[in-house]
Amino acid sequence: MIPLRRFCRGLALLMGFGFFFPALAASGPEDLPLLGTGECLEARGGETVVLRGGQVVRLAEIIGPETQGAARTQAALGALVVGQTLRLYGESPRADRYGRLHAHGVTADGRWVQGALVEAGLARVVVRDGESALSGALLALEERARRAGRGLWPPASAASPPPGALAATEDGFQVVEGRIVSAARAGRRIYLNFGADWRSDFTVSLSEAMLGRLLAMGRDPLAWAGRPVRVRGWVTRRNGPLLDLPHPMALEGPLDEGRFLSSKENLDPEYPGN
């Protein structure tokens, strides 16, 4: 049972910052191996917590904003976990090269930390190999937050930059929606082009092995020319903005027109980059 004083203090923090944390069951994380427990002392950024004893935990499968909204997400994470004893579940007990344990957190009152942040619209889902057990559930919660216009997601918008706008953004993690203009092989890579000029427009790159994984799921992006998709990952600069697909689930689509919630420019087939 949570002490009344701690509960009231946490409730006041949530109300003061205006955070929306839906009640979420912890059954998802609890299907993973239990890696340990610990009292949370500090939230760092939007996806890292520090436990008593110094253990640093990187919350698996999510990422908080780096600039706009970062302070709000960190405050929300702190209000949710600081002073709580967390149960930590994950796919691997090994720390990363920075000494951080990658895990899902469940609070003493049964809240799944990642699920709460994503459904409140305060974090985005990251999908990558070795850390994707709950990505499907998190993507569904992200879609719910997007449709409701919560947190980082503006109302009636996917809050992801259209491909034509990426040239003005910095490198980093992005969630991008757009129509694939063309798809082709070049050597041992497959390129999904979101504009007529591959030298400057947004492009998604994937390996033959990644294509094989998609085909095994019954999904063929080489046949998706003209179809809207959503893709997530780290954007770098190589002949324009380029995203190397990190996992099959990082490419969502084709999206039907009812789910394609991008800005008007991103829906307009005449918009440069679409």
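Further up the page is the structure itself.
Conventions we followed
- Residues numbered from 1 in each chain as written.
- Predicted model: local features only at pLDDT ≥ 70, side-chain atom pairs only at ≥ 80, totals over all residues.
- Heavy atoms only, no water.
- Helix = DSSP H or I, 4+ residues; strand = E, 2+ residues; numbered from the N terminus.
- Buried < 20%, exposed > 50% of the residue type's maximum accessible area, 1.4 Å probe, protein only.
- Contact = heavy atoms within 4.5 Å.
- Areas by Shrake-Rupley, 256 points an atom, 1.4 Å probe, with all protein chains shown as cover.
- Phe/Tyr/Trp six-rings, centres within 6.5 Å; stacked < 30°, edge-to-face > 60°.
- Lys NZ or Arg CZ within 6 Å of the ring centre and 35° of its normal.
- Pairing = 2+ DSSP bridges.
- Axes fitted to C-alpha atoms, helices over the stretch in contact; angles between N-to-C directions.
- Polar contact = N/O pair within 3.5 Å; in protein donor to acceptor, adjacent residues only side chain to side chain.
- Expected span 1.5 Å × (residues − 1).

Which residues make up the overall build of the protein, and what are the values?
Along the backbone of the protein there are six helices and 14 strands. Burial status across the protein gives 49% buried among its 274 residues. Contacts spanning at least 24 positions in sequence make up 67% of the contacts within the protein whose residues lie at least 6 apart. When the accessible surface of the protein is split by element, carbon and sulfur atoms take 54% of a total near 12600 Å².

Talk me through the environment of glycine 172; I want residue IDs and the actual numbers.
With respect to the helices, strands and loops of the structure, glycine 172 is situated in strand S8 (residues 172-179). Classification of glycine 172 by relative accessible area gives buried; the value is 14%. A sequence separation of 64 residues divides glycine 172 from threonine 236, and the C-alpha atoms of the two residues are 7.0 Å apart. Filtering out sequence-adjacent residues up to four positions away, glycine 172 remains in contact with Gly233, Trp234 and Val235.

I'd love a proper account of the packing of aromatic side chains, names of residues and values included.
Enumeration according to the criterion identifies two aromatic pairs in this entry. On the basis of an interplanar angle of 70° and a centroid distance of 5.0 Å, the ring pair of phenylalanine 173 and tryptophan 234 is categorised as edge-to-face. Taken together, the positions of phenylalanine 173 in strand S8 and tryptophan 234 in strand S12 (residues 228-237) put the pair 61 residues apart, joining distant regions of the chain. On the basis of relative accessibility, which here comes to 35%, the residue tryptophan 234 falls in the partly exposed class. Taken together, a centroid distance of 5.0 Å and an interplanar angle of 50° make the contact between phenylalanine 194 and phenylalanine 202 tilted. The buried category is assigned to phenylalanine 194, whose relative accessible area is 1%. A cation over an aromatic ring shows up here: arginine 146 above the ring of tryptophan 153, its NZ or CZ 4.6 Å from the ring centre.

Now, about the sheet that holds strand S5 (residues 85-89): what can you tell me, with residues and values included?
Pairing is mixed in the closed barrel, where five strands are placed in the order S1-S2-S3-S6-S5. Going from strand to strand, the sheet's axes swing by 55° on average, the running direction of each strand aside. Summarising the sheet, strand S1 (residues 34-44) and strand S2 (residues 48-51) pair through four bridges and their orientation is antiparallel. Bridge pairing in S2 places arginine 44 opposite threonine 48. Sheet contacts for helix H2 (residues 70-81): S1, S2, strand S3 (56-59) and S5; angle to S1, the most-contacted strand, approximately 130°.

Residues and numbers for the side chain of arginine 146, please.
With respect to the helices and strands, the residue arginine 146 is situated in helix H4 (residues 135-148). You can call arginine 146 buried: its relative accessible area is 1%. Reaching out from arginine 146, the side chain makes a polar contact with the side chain of glutamate 142 at a distance of 2.8 Å.

So what's going on with H4? Which residues, and what values?
Taking 1.5 Å per residue as the helical rise, H4 with its 14 residues ought to reach 20 Å, and the 20 Å between its terminal C-alpha atoms agrees with that figure. For H4, the set of buried residues is Ser135, Leu138, Leu139, Leu141, Glu142, Glu143, Ala145 and Arg146. Looking one or two residues beyond H4, the residue adopting positive phi is glycine 149, at roughly 70°.

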